[in-house]
Amino acid sequence: MLKWSREGSYQTNLKRGAELVTTADLKSDELIRSRLGAKFANHRFFSEEHTAEEKADFAGGVWIIDPLDGTVNYTHGHPYVSISIALAFDGEPRVGVVHAPFLNETFTAISGSGAKLNGSAIRVSQASDIRKALVGTGFPHDRSRLVWPMERVRRLVASCQDIRRTASPALDICYVAAGRLDAHCESLAPWDIAAAGLIATEAGALRTNLVAGNQSLPPRLRGEEFVVVAPGIFKQLCELIKS
């Protein structure tokens, strides 16, 4: 991925009419599935680039992949980009890895064993006052659906210390795990939250969905109105966004 970026050896296109995709996304996806498939022949894959959510089967072992999270950043040479891989059993993520190739950082977690950054244990922040909280958020690719996200931003800016919109939600959620953000909230896809959500909760974060979400998906893979937050401001943040 770094080589493709340095050389500019990728092409861009649009998927779903609005979302940017590059050949780097597709090559990364192919490489990940090839390597994992060679070692785990009985497992299946649920990938942003090759899977329709409504047709997914999560029984048994399933690798959930976002091969390039932050594609717009990638095409502009912005280093805030990540690769997200989770292993779920019966819809429950058990292993998670989020790698930021340009930043040389790898976040990992195994269910029940805590979370790590480059091999060292990490924990969420001790935030207790939402007025001092730094909160990540984002916007949908479909610009016709901006009314509520813009209202969310208004509430956050008015009530928190500040917000960040860095456009790689898997990495944002890991930043909550490491205490670099106090919370993150937006509507996301399963591949955004599968690995990062596990990493964050293993680091002590609390998580919830403020709406019921896609009932065809297992609960831990539903990303609609997803909130992950340091425990000390969980109630304050949820009340702010729901009010």
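Notes on the structure follow. The structure displayed is predicted, hence computed values, not measured ones. (Residues numbered from 1 in each chain as written. Predicted model: local features only at pLDDT ≥ 70, side-chain atom pairs only at ≥ 80, totals over all residues. Heavy atoms only, no water.)

## Focus on the overall build of the protein
Selection rule: Secondary structure counts use DSSP, requiring at least four H or I residues in a row for a helix and at least two E residues in a row for a strand, with both numbered from the N terminus. Throughout, radius of gyration means the C-alpha value; the globule benchmark is 2.2 Å times the number of residues raised to the power 0.38. The contact definition used throughout considers only heavy atoms, calling two residues in contact when any of these lie within 4.5 Å. Here, Shrake-Rupley sampling with a 1.4 Å probe gives the accessible areas, and only protein chains in the shown set may cover a residue. By the counting scheme adopted, Arg and Lys are positive, Glu and Asp are negative, and His together with the chain ends is not counted. Each charge is placed at NZ for Lys, CZ for Arg, CG for Asp and CD for Glu.
For the protein, the helix and strand inventory stands at 7 helices and 14 strands. For 243 residues, the compact-globule estimate of 2.2 N^0.38 gives 18 Å, and the C-alpha radius of gyration of the protein, at 17 Å, lies within 12% of that figure. Projected onto the principal axes, the alpha-carbon positions of the protein cover approximately 45 × 35 × 35 Å. For the protein, the proportion of contacts with a sequence separation of at least 24, taken over those separated by at least 6, is 59%. Accessible surface for the protein amounts to roughly 11300 Å². Of this, 52% is attributable to carbon and sulfur atoms. The protein carries 28 positive and 27 negative side-chain charges, and their two centres are separated by 3 Å.

## Let's talk about the packing of aromatic side chains
Stated precisely, the cut-off is as follows: Pairing of aromatic rings covers Phe, Tyr and the six-membered ring of Trp, with a centre-to-centre limit of 6.5 Å; geometry is then stacked below 30 degrees between planes, edge-to-face above 60, and tilted otherwise. For each residue, the accessible area found with a 1.4 Å probe, counting protein chains only, is set against the maximum for its type, and the residue is called buried under 20%, exposed over 50%, and partly exposed in between.
Considering all chains together, one arrives at 6 aromatic pairs under this definition. Judged by centre distance (6.3 Å) and plane angle (50°), the ring pair of phenylalanine 107 and tyrosine 175 falls under tilted. In this pair, phenylalanine 107 sits in strand E7 (residues 105-110) while tyrosine 175 sits in helix H5 (residues 169-177), placing the two residues 68 residues apart along the sequence. Just as phenylalanine 107 is buried, tyrosine 175 falls in that class too.

## Details of the sheet that holds strand E14 (residues 226-229)
Note the following rule: At least two bridges found by DSSP between two strands are what make those strands a pair. Here an axis means a line fitted to C-alpha atoms, over the contact stretch when the element is a helix, while the angle between two N-to-C directions is reported on a 0 to 180 degree scale.
Here we have 5 strands laid out as an open sheet, ordered E11-E10-E12-E14-E13, and mixed in their pairing. The strands lining the two open edges of the sheet, one partner per strand, are strand E11 (162-164) and strand E13 (206-209). Along the sheet, successive strands turn relative to each other by an average axial angle of 20°, direction set aside. Sheet analysis places strand E12 (residues 183-186) next to E14, joined by 4 bridges and oriented antiparallel. Looking at E14, one finds that histidine 184 is bridged to valine 228. With respect to the sheet, helix H6 (residues 190-202) is in contact with E13 and E14, its orientation differing from that of E13 by roughly 140°. Sheet strands touched by helix H7 (residues 234-242): E12, E13 and E14. Its angle to E14, the strand with the most contacts, is close to 150°.

## Topic: the nonpolar core
The cut-off we apply is this: Side-chain atoms within 4.5 Å are what join buried Ala, Val, Leu, Ile, Met, Phe, Trp, Tyr and Cys residues into a set we call a nonpolar core.
Formed by 40 residues in total, the largest nonpolar core has its most connected members in Ile64, Val98, Phe107, Ile173 and Ile199. Contributing elements (two or more residues each) for this core: strand E4 (61-69), strand E5 (82-89), strand E6 (92-100), E7, strand E8 (115-117), H5, H6 and E14. Considering each element in turn, this core owes the most residues, 8 residues, to H6. Those residues in contact with isoleucine 64 that sit more than four places away from it in its chain are Phe46, Phe58, Ser84, Ile85, Ala86, Ala88, Pro190, Trp191, Ala194 and Leu221. Ala133, Cys160, Val227 and Leu237 belong to the second-largest nonpolar core, a separate cluster that totals 17 residues.

## What to know about H6
Spelled out, the test is: One fewer than the residue count of a helix, multiplied by 1.5 Å, yields its expected span. The bend at a residue is defined as the angle formed between two axes, one fitted to the seven residues ending at that residue and one fitted to the seven starting there.
With 13 residues, H6 ought to run about 18 Å at 1.5 Å a step, and its terminal C-alpha atoms sit 18 Å apart, in line with that. Along H6, the sharpest change in direction is near 35° and occurs at alanine 196. The buried fraction of H6 is high, at 12 of 13 residues. Taken residue by residue, H6 has Pro190, Trp191, Asp192, Ile193, Ala194, Ala195, Ala196, Gly197, Leu198, Ile199, Ala200 and Glu202 as its buried positions.

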